[in-house]
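# Structural description and commentary
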Amino acid sequence: MKRNGANFARIWLVRWNMGLEWTKGDGNGMYQGIGRYALDNAWRIDELLRLAERNGIYLMLCLGYHGELADRQLYFGEQAWERNPYNRKNGGPCDKPADFWTNPEAKRLYKQRLRYLIARYAHSPNVLAFEVWNEVHAPADWVKEMAQFVRSTDIYGHLLTTTYGDDAVWRLPEMDFTQTHWYGDGSQRDCTTTVVNLHRQHMERYRKPFLLGEFGIDWRTPDTTYDPKGNALHWHNGMWASLMSGGDGNGLRLVVGTPTLTA
């Protein structure tokens, strides 16, 4: 990234990639169940931040993903409520995913994790922002409560956002910038007009900076399915259109994998 002039990355802290709190025996990490944190993954985040600081890369830490609260089959098989430590079957306080937003004990435990994340990582100048959820339509009152908790705890005042929001979420003063993800259905090879319109709609409506957190030709498959020669017209035009539309930066691309960090 440094060699190619990039300076920003969005990192998911999820069960297969540097998550802290999950059910023992599932995912990638020494998970200990609810309320206890995987210190091997905590160390990996430490190392990631050291690498970022040495190379001038700023990170948005995404703290959860949509599969954690999904109890039905999803397209990629990413549903994981059955293995979520907040599920009562795994020792948690919630009978169903919707309870996560209202159960007092679930809120307490989630704030405890936020407190740990802030205490361990907020010191780094290369943590640019905290993103509460990837592709979850969290209720506005829950987002407000957790964002206010972060504000009261994080003395460095990091930027806060989430992936999806309705009017009530994006008008919260605690949300510093808005986001969305946009993928086509394979029929649109040049996304310039769509990307420009997304930026205009968000920035004009909410009067806040906007970031296109993910985009692609088709949400079901890699761009190479439609672009086997690697001409990357969609990628090129999407990034430039987002940048020239006044967004926080160029539109982001999703890369899924598990990084290997060694001592």
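To keep things clear, this report deals only with the structure shown in the data block. (Residues numbered from 1 in each chain as written. Predicted model: local features only at pLDDT ≥ 70, side-chain atom pairs only at ≥ 80, totals over all residues. Heavy atoms only, no water.)

For the rest of this paragraph, the subject is the pairing of strand β6 (residues 210-216). Most of β6 sits inside the fold, with seven of its seven residues counted as buried. As judged from the six bridges shared by strand β5 (residues 178-183) and β6, these two strands associate in the parallel manner. Of the residues in β6, the one forming a bridge with His 181 is Glu 214. (Buried < 20%, exposed > 50% of the residue type's maximum accessible area, 1.4 Å probe, protein only. Helix = DSSP H or I, 4+ residues; strand = E, 2+ residues; numbered from the N terminus. Pairing = 2+ DSSP bridges.)

What follows is about the packing of helix α5 (residues 192-206) against helix α6 (residues 233-244). Contact geometry of α5 with α6 gives a least axis separation of 9 Å together with a crossing angle of 30°. Classed by the angle they form, the pair α5 and α6 counts as roughly parallel. Crossing handedness for the pair α5 and α6: right-handed. Where α5 abuts α6, its residues Thr 192, Val 195, Val 196 and His 199 lie against Asn 237, Gly 238, Ala 241 and Ser 242. (Axes fitted to C-alpha atoms, helices over the stretch in contact; angles between N-to-C directions. Parallel < 35°, antiparallel > 145°, perpendicular 65-115°, else oblique. Left-handed = near helix turned anticlockwise from the far one by under 90°. Contact = heavy atoms within 4.5 Å.)

As a further point, take the pattern of salt bridges. Applying the stated criterion across every chain, the model contains 17 salt bridges. One salt bridge connects Asp 26 with Arg 83, and the closest N-O pair in it is separated by 3.5 Å. Taken together, the residues span a long stretch of sequence, with Asp 26 in the loop between β1 (8-12) and α1 (39-55) and Arg 83 in the loop between β2 (58-62) and α2 (104-121) at a distance of 57 residues. Relative accessible area serves as the criterion here: at 15%, Asp 26 is assigned to the buried category. (Salt bridge = Lys/Arg side-chain N within 4 Å of Asp/Glu carboxyl O.)

An ideal rise of 1.5 Å per residue puts 16 Å on twelve residues; α6 measures up with 16 Å between its terminal C-alpha atoms. Among all positions of α6, only His 234, Asn 237, Gly 238, Ala 241 and Ser 242 are buried. The buried residues of α6 occupy an angular sector of 125° when the element is viewed end-on, so they sit on one face. As for α6, its buried residues are in contact with β5, α5 and β6. (Expected span 1.5 Å × (residues − 1). Arc of directions from axis to C-beta.)

On to the sheet that holds strand β4 (residues 159-161), then. Sheets are built from strands that pair by backbone hydrogen bonding, the pairs being arranged parallel or antiparallel. If you trace the four strands from one edge of the open sheet to the other, you get β1-β2-β3-β4, paired in parallel fashion. The outermost strands of the open sheet, each flanked by one partner alone, are β1 and β4. On average, adjacent strands in this sheet sit at an angle of 25° to one another, irrespective of strand direction. Relative to β2, β1 runs parallel, the two being bridged by five bridges. The residue bridging Ile 11 from the neighbouring strand is Leu 61, located in β2.

Relative to the helices and strands, His 181 is located in strand β5. Assessed through its relative accessible area of 7%, His 181 is described here as buried. Polar contacts involving the side chain of His 181 include one to the side chain of Glu 135, which spans 2.7 Å. Contacts of His 181, omitting those with residues within four sequence positions, involve Arg 10, Asn 134, Glu 135, Thr 163, Tyr 164, Gly 213 and Glu 214. (Polar contact = N/O pair within 3.5 Å; in protein donor to acceptor, adjacent residues only side chain to side chain.)

Any functional reading would require information that these geometric values do not contain.
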